[in-house]
2 protein chains.
Amino acid sequence: MEIGRKIVAVGRNYEDHAREMGSKRPTVPLLFLKPTSSYIHEGSSIEIPAITKDVHHEVELGVVIGRVAKDVPMITAMDYIAGYVLALDLTARDLQAEAKKGGLPWSVSKGFDTFTPVSKFLPRSTIPDPADVEIWCKVDGELRQKGSTKDMIFSIPELISYASSVFTLEQGDVILTGTPAGVGPIRPGQVINAGITNVVEMTFPVTDRPV
Amino acid sequence: MEIGRKIVAVGRNYEDHAREMGSKRPTVPLLFLKPTSSYIHEGSSIEIPAITKDVHHEVELGVVIGRVAKDVPMITAMDYIAGYVLALDLTARDLQAEAKKGGLPWSVSKGFDTFTPVSKFLPRSTIPDPADVEIWCKVDGELRQKGSTKDMIFSIPELISYASSVFTLEQGDVILTGTPAGVGPIRPGQVINAGITNVVEMTFPVTDRPV
Ligand SMILES: [Mg+2]
Ligand SMILES: [Mg+2]
Ligand SMILES: [Mg+2]
């Protein structure tokens, strides 16, 4: 499964995270795009560009689409899933805050190279109930985020249905389903560790982006 | 040349358009992403989704990247160009205005299926000087936009250099270089016509998106 074409990410999909960001609970899913050039896999490092002083971790369950999905109803939405990945939706919070203030796009703050670390591909069968898994993130061994996908505001079928009404989803597209509370800064020299309890775990060191 | 992976679009890159939008002249290029699922070629129709009442045409010169570009200096930036496309960066202006007001991403307003009509691929040799071509757009035969790429705020080398410092650019990625003044609404039943003077012309009918 090549996760190659499009990343549709969902903002504010856990109430506790929306609250920690000072944001309101959304009434429709808040979608944005990340470029696939931001993917890295284990063995690579997260690189912090010089232009930001405040990159945050956001641990998220990623849904990998298995076939073309357009205007898919909720009732059949799960049939379009090939599997999952665990992902970090890294965010230059300082650049994002500036963008929000200016009414500008989020693409740069979310899109730098290495800003979407992902686990290996997890076939559907490894997560029988994606609406009830625990995801977590540690920084230098200290637990920063732990949440259950039970607490998503919009469920996976709702997200697939809604996203497919805007963008045709294609094989290998990934939907990042949002992050629970506890987001915070990561710095060069630290090590990020994230997992889906009893399913997968991944580790990424953080470095300065070489100039 | 498959234009398949990433679309990096540039906002407010012509002073007359920034002015008509009530926006300031940017000090760095304003980048955002569009999904490749929004591409259509001649023979297809532009589809207006029911959720918007105000889709605008924006005619733009698209630069097609020929090889991997990361942290490319301006001086060699032109070497990374495989060719060009003429493009329309269609925009649901009402949804974009709401997003701007709320500090939210532009992805949905810019990303619907059919929202990036493009011409055939134009090899480099067909546009010897991309910094001096005229682009235009007509709605039902009436001229709405006509501008010269001479008037870009950030030049093509500046855009490639800057974009490649944020996102690694890959073969087939397209940079949409911004639109001159004259943007305005398109409606089902109309026909959009756009061109690069003496190089290419393209035609797209507009319909309601089927439900
Ligand atoms: Mg996120
Ligand atoms: Mg200049
Ligand atoms: Mg545009």
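Reading guide: rules and limits
- Residues numbered from 1 in each chain as written.
- Chains lettered and ligands numbered in written order.
- Predicted model: local features only at pLDDT ≥ 70, side-chain atom pairs only at ≥ 80, totals over all residues.
- Heavy atoms only, no water.
- Helix = DSSP H or I, 4+ residues; strand = E, 2+ residues; numbered from the N terminus.
- Rg over C-alpha atoms; globule rule 2.2 N^0.38 Å.
- Contact = heavy atoms within 4.5 Å.
- Areas by Shrake-Rupley, 256 points an atom, 1.4 Å probe, with all protein chains shown as cover.
- Lys, Arg positive; Asp, Glu negative; His and termini not counted.
- Charge placed at Lys NZ, Arg CZ, Asp CG, Glu CD.
- Donors = N, O, S within 2.8 Å, 3.2 Å for Na, K, Ca; no water.
- Buried < 20%, exposed > 50% of the residue type's maximum accessible area, 1.4 Å probe, protein only.
- Pairing = 2+ DSSP bridges.
- Salt bridge = Lys/Arg side-chain N within 4 Å of Asp/Glu carboxyl O.
- Least-squares fit on C-alpha atoms with pLDDT ≥ 70 in both.
- Phe/Tyr/Trp six-rings, centres within 6.5 Å; stacked < 30°, edge-to-face > 60°.
- Lys NZ or Arg CZ within 6 Å of the ring centre and 35° of its normal.
- Arc of directions from axis to C-beta.
- Polar contact = N/O pair within 3.5 Å; in protein donor to acceptor, adjacent residues only side chain to side chain.
- Nonpolar A, V, L, I, M, F, W, Y, C, P; charged D, E, K, R; others polar.
- Core = buried A, V, L, I, M, F, W, Y, C linked by side-chain atoms within 4.5 Å.

Chemist: An account of the overall build of chain A is needed here, citing residue identities and associated values.
Modeler: Helix and strand counts for chain A come out as 4 helices and 16 strands. Here chain A has a C-alpha radius of gyration of 16 Å; the compact-globule value for 211 residues is 17 Å, and the two agree. Considered along the principal axes of its C-alpha atoms, chain A spans approximately 45 × 40 × 30 Å. Nonlocal contacts in chain A, meaning residues at least 24 apart in sequence, comprise 78% of its contacts between residues at least 6 apart. Here chain A displays about 8,200 Å² of accessible surface, and carbon together with sulfur accounts for 51% of that area. The averaged location of the 26 negative side-chain charges in chain A is 3 Å from the averaged location of its 22 positive side-chain charges.

Chemist: Any chance you could break down the coordination of the magnesium ion (ligand 1) for me, citing the residues and the numbers?
Modeler: The textbook angles at a metal center are 109.5 degrees for a tetrahedron of four donors and 90 or 180 degrees for an octahedron of six. All names here are of chain A. Only Glu-58 (OE), Glu-60 (OE) and Asp-89 (OD) from the protein reach the magnesium ion (ligand 1) as donors, at distances of 2.1 Å. For the magnesium ion (ligand 1), the single-chain donor residues occur in sequence as E-x1-E-x28-D. Grouping residues by exposure puts Glu-58 and Glu-60 together as buried.

Chemist: An account of the pairing of strand β6 (residues 59–65) of chain B is needed here, citing residue identities and associated values.
Modeler: As a general feature of sheets, a regular strand has side chains that alternate between the two faces. All names here are of chain B. For β6, a buried count of 7 out of 7 residues is recorded, marking the element as mostly surrounded by other parts of the structure. Burial along β6 is two-sided: the face carrying Val-59, Leu-61, Val-63 and Ile-65 and the face carrying Glu-60, Gly-62 and Val-64 are both buried. Pairing between β6 and strand β7 (residues 81–88): 7 bridges, direction antiparallel. Directly across from Val-64, in β7, lies its bridge partner Gly-83.

Chemist: Which residues make up the pattern of salt bridges, and what values go with them?
Modeler: A full pass over the atoms with the stated rule returns 22 salt bridges over all chains. Put simply, Lys6(A) and Asp173(A) hold a salt bridge, and the shortest N to O gap is 2.8 Å. One end of the pair, Lys6(A), is in the segment before β1 (7–11); the other, Asp173(A), is in the loop between α4 (156–166) and β13 (174–176), with 167 residues separating them in the sequence. A relative accessible area of 4% means that Lys6(A) is categorised as buried. In this structure, Lys70(A) and Asp113(B) form a salt bridge, with 2.8 Å as the shortest nitrogen-oxygen distance. Within this pair, whereas Lys70(A) is found in the loop between β6 (59–65) and β7 (81–88), its partner Asp113(B) is found in the loop between α3 (107–111) and β9 (116–117), the two belonging to separate chains. On the accessibility criterion, Lys70(A) (37% relative accessible area) is partly exposed. With a relative accessible area of 6%, Asp113(B) lands in the buried category.

Chemist: Describe the sheet that holds strand β10 (residues 122–123) of chain A, listing the residues and the values that go with them.
Modeler: Residue and element names in this part refer to chain A. Pairing is mixed across the open sheet formed by 6 strands, whose spatial order is β2-β1-β13-β6-β7-β10. One side of each edge strand has no neighbouring strand; the edge strands of this open sheet are β2 (30–34) and β10. Note that β6 and β13 share 3 bridges and pair antiparallel. Within β13, the residue paired with Gly-62 across the bridge is Leu-176.

Chemist: Can you lay out the relation of the copies chain B and chain A for me, pointing to particular residues and giving the numbers?
Modeler: Superposition of chain B onto chain A requires a rotation of 180° combined with a translation of 0.0 Å along the rotation axis, giving an RMSD of 0.0 Å. This pairing of chains is accounted for by a two-fold axis. Interface residue correspondence from chain B to chain A reaches 100%, placing this contact among same-surface, isologous pairings.

Chemist: I'd love a proper account of the packing of aromatic side chains, names of residues and values included.
Modeler: All names here are of chain A. All chains considered together, the criterion is met by 4 aromatic pairs over all chains. On the numbers, 5.4 Å between centres and 50° between planes, the contact of Phe-32 with Trp-106 is tilted. Residue Phe-32 is located in strand β2, and its partner Trp-106 is located in the loop between α2 (93–102) and α3 (107–111); the two are separated by 74 residues in the primary sequence. Trp-106 shares its class with Phe-32; the two are buried. The aromatic ring of Trp-136 is capped on one face by Lys-138, whose charged end is 5.1 Å from the ring centroid.

Chemist: Provide a residue-level description of α2(A), including the pertinent values.
Modeler: Residue and element names in this part refer to chain A. Those residues of α2 lying buried are Arg-93, Leu-95, Gln-96 and Ala-99. Relative to the axis of α2, the buried residues are bounded by an arc of 160° and lie together on one face. In α2, the exposed positions angled more than 90 degrees off the buried face are occupied by Glu-98 and Lys-101. Buried positions along α2 lie against α1 (15–20), β5 (55–57), β8 (91–92) and α3.

Chemist: Explain the interface of chain B and chain A to me, using residue names and the numbers behind them.
Modeler: The interface is formed by 32 residues belonging to chain B together with 32 residues belonging to chain A. Inspection of the chain B/chain A interface yields 4 salt bridges. For Asp71(B), the salt bridge is made with Arg209(A), and the minimal N-O distance between the two is 2.9 Å. Linking chain B with chain A are 16 residue pairs in polar contact (both at pLDDT 80 or more). Where the side of chain B that touches chain A is concerned, the elements lending two or more residues are β2 (30–34), α3 and α4 (156–166) of chain B. By residue number, the principal contributor to the side of chain B that touches chain A is β2(B), which donates 5 residues. Broken down by class, the residue content of the side of chain B that touches chain A amounts to 12 nonpolar, 9 polar and 11 charged.

Chemist: Can you lay out the pairing of β2(B) for me, pointing to particular residues and giving the numbers?
Modeler: All names here are of chain B. Among the 5 residues of β2, 5 are classified as buried, and the element is accordingly described as predominantly covered. In terms of strand pairing, strand β1 (residues 7–11) meets β2 through 5 bridges, oriented antiparallel. Residue pairing in the sheet places Val-8 in a bridge with Leu-33 of β2.

Chemist: Describe the nonpolar core, and please don't skip the residues or the numbers.
Modeler: In terms of nonpolar packing, the biggest core is built from 104 residues, with Ile46(A) and Ile46(B) touching the most fellow members. Residues contacting Ile46(A), with those up to four places away along its chain left out, are Ile40(A), Leu88(A), Leu90(A), Thr114(A), Pro117(A), Ile186(A), Ile192(A), Phe204(A), Pro205(A), Val206(A) and Thr207(A).

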